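One letter stands for each residue in the lines below.
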Amino acid sequence: MLFQHGQLETSQNLAAGFVKRFGRASPEWAARFRILEAESAAWRGFDPVVLATLSDLFPALDNPEIQIRRLSLLAQAHAHLHQFDQADGELRQALDMCSALNAAECSKAFEAQAGLAIERGNYGQAFGSYAQSLTVARQFGQPFDEAEALMNLAVACMLEERFDEAIDWLRASNLVAETLDAEDILLNNTGNLGWAYYRLGDRVKALGLYEDAEKRAMALGDIDGAITWITTAEYVYQDSHDLAQAMSSYREALKLAWTIMNEDDIVNSLEALAHVSVEEGKLNEADEYLRQIGPLMRENPNRLDVLDVMLAQGRIVAARGQDAQAESLFRTVEGDPASQTSMRLGAQHELAKLYESEGRGGEAEQMYRATLTTFESARAQLKNEDSRLPFLANAAEIYDDYIGFLVKQGETDEALKAADQSRARTLAQGLGLASNNQAFKPAVLHPAEIARKAEATLLFYWLGEKQSYLWAITPAKTVMFPLPPRSRIEPRVERYRKALLGPNDALDPANRDGVALYRMLIEPARNLIAPEAKVVVFCDGALSELNFETLIAPEPKPHYWIEDATVISAPSLYLLAAAKPPAEPDHTLLLIGDAIAPNQEFPVLPKASLEMREIERHFATENATVFARQRANPRAYLASSPGQYSYIHFVAHGVASSTDPLDSAIILSRANPGADSFKLYAREIIQHPIHARLVTIAACDGSGARSYAGEGLVGLSWAFLRAGAHNVIAALWEVSDDSTPRLMDALYQGLAEGLSPSAALRRAKLELLRGQGAFRKPFFWAPFQIYTGL
C-alpha cells in the first residue's frame, strides 16, 4: 500500500528490509520483496539501483509471474540507460513467457515493450504496446496497473504531439488513481497535464500544474519526477523572458540529475541551459553546456536530443554571424523526419530571421509564411475548443516578427492582414465563419469597406516585443502609426486599472497614466476621429482589460474619452466584415436573476429585484419571460429556447476563471441538490445557439479574467458571442449593486427610444458621469463594456 500511495522511499527501504528477513526462510517472498524494492526505485528514477536489486543474486524460482515482473523491470532500466541489447533480450524472454501464460504481470511486459519503443523514437509502436498493457490490466482487475497504463497512453500521445487527446487519457487515469490514493500516478498526471497545456499554449495553467507536481514529487522522494517538473516549469519563465529564474532552476535540475545519474535528465538540463545562455547572449557558456552533452550523446544517441543540440548550435553561430553554417543547421532540423512541430517551428523561425538579417527579403517572407503554415497545420489537428483557445501563444513571437518584417518592407496593409489572421480564430471557427485551414492564408480584407459598413473609425492594435502598431481605418483611408513596445504600455494599463478601482478620482492631476495612455493609444489617430464618432477598438494583449472610454483626453480640459466618442470592442476585422445586421428586433426579453443564494460565498443581491422591475417595465408583459428566485436557475435558461429572444439579461453574481475560462459561470439558484447546479457555465452557454440583439450580464467580471493571445478576454461575454449574440454587455471588474439598477434602467430606456445598444449604453453612462454623486466615478459606470460580434 505504501508503494501505491506514492511513499516510494519508505516502500523501497521496507522492502529491502523484508528481503533480508525472508532471504533464507522463504525465497519466494524474498523475491517478491526484491521486485517491490526495484519497482519503488524505478519510480524514483534510480535505474542502476533497479539493476543491482534484480541482479544475478536474485533467487532462482520456478515462478513465471515473478520472472515476468523481474525481466520487465530489467528491460525498462536497461532501455532508460540505452543499453538496448540487454533490454531486447530481457523483453524477449518476458514476452515469450506471456505468450504461454495469460497473467496480470504481462501488463508490465507490454509496458516495458512500450518504454523501449519510446527510447528508440517509435512512438506509434509505444502507444500500441501501452494499449495492450491497459487491456491486460483491465482483464485481471488491476486498477493500479490500469491507472498507470492510462497515464502512459497519455505520454505516448504527447510524444506524437496529440496533446488534447493526451489530456483525455490523463483525466481517465486520474479517475482510477484517485480511488486508490495513488499519489505518484496523480503527481505524474499533474505534471503531464502541465506539459500538455504548455504545448497547447496555456502557460498560466501549465505553470501552476508544474509547480504542484514538483512539490508533490519532492515530498514523495521522487527525485526523477522533481527534476522533470522543475525543468518544464522553467520553460514558462524562459518564454516570458525571466531568464534569471529559468537559469537558476535549470542549474538546480542539473544538480539533482547528477545525483541520481539519470543521463536523460542531465542532457535535458544541459540543453535548456544552452538555449537560455544563447538568449542571454552568453555564447561561450552555451558552447560549454553543449560540449558537456557531447560524450553523453555519443554513448546514447537520441535523435530528438541531437536535433535540439543542432538548433542550439545554429542559434550560437547565427549570433556570431556565421550565417552559412547557421542556415545548414537550421535546414537540417527543419527537414529531419524526427523533428517535432516545436522544433520545426523553431528552425523555420530562425531561418526567417536569418534571411531577414541578410537582406534576403523574398526568402524571408517565404520562410515566415512556411513557419506559420507549420503552425496552422498543427492547430488544425486539435479537436477541442478548449485546446484551440490558447494555442496561438505558440506562434505569438512568429507573428510579431513577421508583422515587424512586413512593416519594415513598407507592406503595412499586408501586416494588418497578418495581424488580423491571428485574431479570434476559435470564435470565428465556432461560428462557422472560418475553416480550419492547414495553410497560412490571410483573408482578403477591405478595411475601408469594413469601416464604411460599421459607420465607424476602426482602431486596430498590435502590441509587439520591440514595436507596437496602431492601424486607424476610416471609410477613406488606412493609416499605420508606430507605438511604443508592449513593455512600456502594459505596466501603465495595469496601474491605471488599479487607479480606476480605487477611491480617488481618476481625473486627479496626480494620476498620469490615464493621460499617458490616451496620448499613446488615441492621440496619434485623433485627426481621423470625428467628434461624437463611433469608434470600434480591436484590442491586443493587456489592452483587452482596459476600458478605452476611461482614457483621459487632456484638451481643452481633462475629460474621459467617453465624452468624445461611442466606443465598442470587436474581436477581429474579419468577423466585423462577416457581420450581418440582426433581424428587426421583436422586443422580446428573457430576464433571469434575483436568485436564492446558493451558499455564503454568493449572498443575495439586495437590489436585484429592483433592477429586474426597472428592466421589465420597458417591455410588454406578453413579451417578457422572467425567471426569479427559485426559478432563476441554469436549467431554466437552458430549457427556455434562448434563441427566440431579442434581449437576454442576467442580474446575478458571476465568477471568472483565469485557469479555465470556459468554467466561468453565472451564479443562479440551485436547480437540484447537486454541488454546482447553481452555475450556468460558459461551456454550457456556447452549446445553445442564440440570435439576440443584446445580451447583458449584470454580474462581476462578466468579460472574463483571462486574456488569450489572439482571442482576447475569454469568459462569459466571449461565450455569448460564440453562441451567436450580436452584442454583449459585460463587466471588466466588480459591479456596484447600488449604481447598476440606475444604469440598466437608462440603458433600456435608450433602447426603447430606438438607440443602438452602444449608443444607449453610452448615454446611460454619461448620465452617471455627469451626475453630482459618487456614481460619477469610473468605478461605477466604466466596468460595463460592449462587445460586438456578428
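Residues numbered from 1 in each chain as written. Predicted model: local features only at pLDDT ≥ 70, side-chain atom pairs only at ≥ 80, totals over all residues. Heavy atoms only, no water.

Undergrad: Please provide a residue-by-residue account of the overall build of the chain, values included.
TA: Counting its regular elements, the chain contains 34 helices and 18 strands. In terms of overall dimensions, the chain is globule-like: its C-alpha atoms have a radius of gyration of 30 Å, near the 28 Å expected for 790 residues. Overall, the chain is about 95 × 65 × 45 Å in size when its C-alpha atoms are taken along their principal axes. Counting only residues that meet the buried cut, the chain has 58% of its 790 residues in that class. For the chain, long-range pairs separated by at least 24 residues make up 68% of all intrachain contacts whose partners lie at least 6 apart in sequence. When the accessible surface of the chain is split by element, carbon and sulfur atoms take 50% of a total near 31,200 Å². The averaged location of the 104 negative side-chain charges in the chain is 5 Å from the averaged location of its 75 positive side-chain charges. (Helix = DSSP H or I, 4+ residues; strand = E, 2+ residues; numbered from the N terminus. Rg over C-alpha atoms; globule rule 2.2 N^0.38 Å. Buried < 20%, exposed > 50% of the residue type's maximum accessible area, 1.4 Å probe, protein only. Contact = heavy atoms within 4.5 Å. Areas by Shrake-Rupley, 256 points an atom, 1.4 Å probe, with all protein chains shown as cover. Lys, Arg positive; Asp, Glu negative; His and termini not counted. Charge placed at Lys NZ, Arg CZ, Asp CG, Glu CD.)

Undergrad: I'd like a description of the pairing of strand β9 (residues 624-629), backed by residues and values.
TA: Bridge analysis of strand β8 (residues 589-595) against β9 gives six bridges, and the strand direction is parallel. Bridged to Leu589 within β9 is Ala624. After leaving β8, the chain enters helix α28 (residues 608-616) and then returns to the sheet as β9, a path that is right-handed. (Pairing = 2+ DSSP bridges. Right-handed = clockwise from strand over helix to strand, strands pointing away.)

Undergrad: Break down the environment of Thr231 for me, citing the residues and quoting the values.
TA: Position of Thr231 among the secondary structure elements: in helix α12 (residues 223-239). In this structure Thr231 comes out as buried when scored by relative accessible area, which is 6%. Counting along the chain gives 17 residues from Thr231 to Glu214, while the straight-line C-alpha distance between them is 9.6 Å. Sequence-distant contacts of Thr231, defined by excluding residues within four places in its chain, comprise Tyr250, Ala253 and Ser269. Looking at Thr231, its side chain comes within polar contact range of the main-chain oxygen of Ile227, at 2.9 Å. (Polar contact = N/O pair within 3.5 Å; in protein donor to acceptor, adjacent residues only side chain to side chain.)

Undergrad: Account for the side chain of Asp513, naming residues and giving values.
TA: Relative to the helices and strands, Asp513 is located in helix α26 (residues 513-521). Polar side-chain contacts of Asp513 include one of 2.6 Å to the side chain of Arg492. If sequence neighbours within four positions are ignored, Asp513 has contacts with Arg492, Arg495 and Tyr496.

Undergrad: Go over empty space enclosed by the protein, please, and point to the residues and values.
TA: If you roll a probe as big as a water molecule over the atoms, it shows you where there is empty space left. This model, assessed by the stated rule, comprises six cavities of 30 Å³ or more. Estimated volume of the second largest cavity: approximately 90 Å³. Lining the second largest cavity we find 15 residues, and of these Ala595, Pro603, Leu605, His653 and Ile667 sit closest to its centre. Taken together, the residues of the lining of the second largest cavity sort by class into 13 nonpolar, one polar and one charged. (1 Å grid on protein atoms, 1.4 Å probe; cavity = no way out; pocket = protein on both sides within 12 Å on 5 of 7 lines; lining within 4 Å. Points joined across faces, edges and corners; volume = space filled by probe spheres on them. Nonpolar A, V, L, I, M, F, W, Y, C, P; charged D, E, K, R; others polar.)

Undergrad: Now, about the packing of helix α4 (residues 64-80) against helix α6 (residues 106-119): what can you tell me, with residues and values included?
TA: Taken N-terminus to C-terminus, the directions of α4 and α6 make an angle of 10°; their axes are 9 Å apart at the nearest point. Here α4 is positioned roughly parallel relative to α6, judged by the angle of their axes. Taken as a pair, α4 and α6 cross one another with a handedness that is left-handed. Contacts from Ile68, Arg69, Ser72, Ala75, Gln76, Ala79 and His80 in α4 reach Cys106, Lys108, Ala109, Glu111, Ala112, Leu116 and Glu119 in α6. Grouping the amino acids of the contact of α4 with α6 by side-chain chemistry returns seven nonpolar, three polar and four charged. (Axes fitted to C-alpha atoms, helices over the stretch in contact; angles between N-to-C directions. Parallel < 35°, antiparallel > 145°, perpendicular 65-115°, else oblique. Left-handed = near helix turned anticlockwise from the far one by under 90°.)

Undergrad: Which residues make up the state of the cysteines, and what values go with them?
TA: Scanning the model with the defined rule gives one disulfide in all. Between the sulfur atoms of Cys98 and its disulfide partner Cys106 the distance amounts to 2.3 Å. Classification of the bridge connecting Cys98 and Cys106 rests on its S-S torsion, roughly -110°, and on that basis the disulfide is left-handed. Cys106 matches Cys98 in its accessibility class, with the two residues each being buried. (Disulfide = S-S within 2.5 Å.)

Undergrad: With reference to specific residues and values, describe the sheet that holds strand β11 (residues 653-655).
TA: Taken together, the three strands give an open sheet; going across it, the order is β11-β12-β13, and neighbouring strands pair in antiparallel fashion. At either end of the open sheet lies a strand with only one pairing partner, and these are β11 and β13 (679-681). With strand direction ignored, the average angle separating the axes of adjacent strands in the sheet is 25°. Relative to strand β12 (residues 665-667), β11 runs antiparallel, the two sharing three bridges. Following the sheet pairing, His653 is matched in β12 by Ile667.

Undergrad: Let's hear about the pairing of strand β1 (residues 457-462): which residues, and what values?
TA: Burial of β1 is extensive: six of the six residues sit out of reach of the surface. Relative to strand β4 (residues 533-538), β1 runs parallel, the two sharing four bridges. Within the sheet, the bridge partner assigned to Leu459 lies in β4 and is Val537. Here β1 folds back onto strand β2 (residues 468-473), and the loop between the two strands holds five residues.

Undergrad: Quick one: what's the story with the packing of aromatic side chains, residue by residue and with numbers?
TA: Given two aromatic rings, their pairing is described by the distance between the two centres and the angle made by the two planes. Inspection of the entire model under this criterion finds 25 aromatic pairs. A ring pair is formed by Phe650 and Phe720, whose centres lie 5.7 Å apart and whose planes are at 40°; its orientation type is tilted. One end of the pair, Phe650, is in strand β10 (residues 647-651); the other, Phe720, is in helix α31 (residues 716-723), with 70 residues separating them in the sequence. Considered together, Phe650 and Phe720 belong to a single accessibility category, that of buried residues. These aromatic residues form a ring-pair network of at least three members: Trp195, Tyr198, Tyr210, Trp229, Tyr235 and Tyr250. (Phe/Tyr/Trp six-rings, centres within 6.5 Å; stacked < 30°, edge-to-face > 60°.)

Undergrad: Go over the environment of Arg425, please, and point to the residues and values.
TA: For Arg425, the position within the fold is in helix α23 (residues 425-430). By relative accessible area, which is 9% here, Arg425 ends up buried. Once the C-alpha coordinates of Arg425 and Arg34 are considered, the two residues, 391 residues apart in sequence, prove to be 55 Å apart. Once residues within four sequence positions are removed from consideration, Arg425 is found in contact with Glu376, Arg379 and Glu711.

Undergrad: Residues and numbers for the pattern of salt bridges, please.
TA: Applying the stated rule across the entire model yields 43 salt bridges. Residue Arg138 pairs with Glu146 through a salt bridge whose shortest N-O separation is 3.0 Å. We classify Arg138 as partly exposed; its relative accessible area is 47%. A residue is classified by how much of its surface remains accessible, and Glu146, at 17% relative accessible area, is buried. Between Glu288 and Arg291 there is a salt bridge; the shortest N-O distance is 2.6 Å. Taken as a pair, Glu288 and Arg291 lie in helix α15 (residues 283-299) at a separation of three residues, close to a single helical turn. Owing to a relative accessible area of 33%, Glu288 belongs among the partly exposed residues under this scheme. (Salt bridge = Lys/Arg side-chain N within 4 Å of Asp/Glu carboxyl O.)

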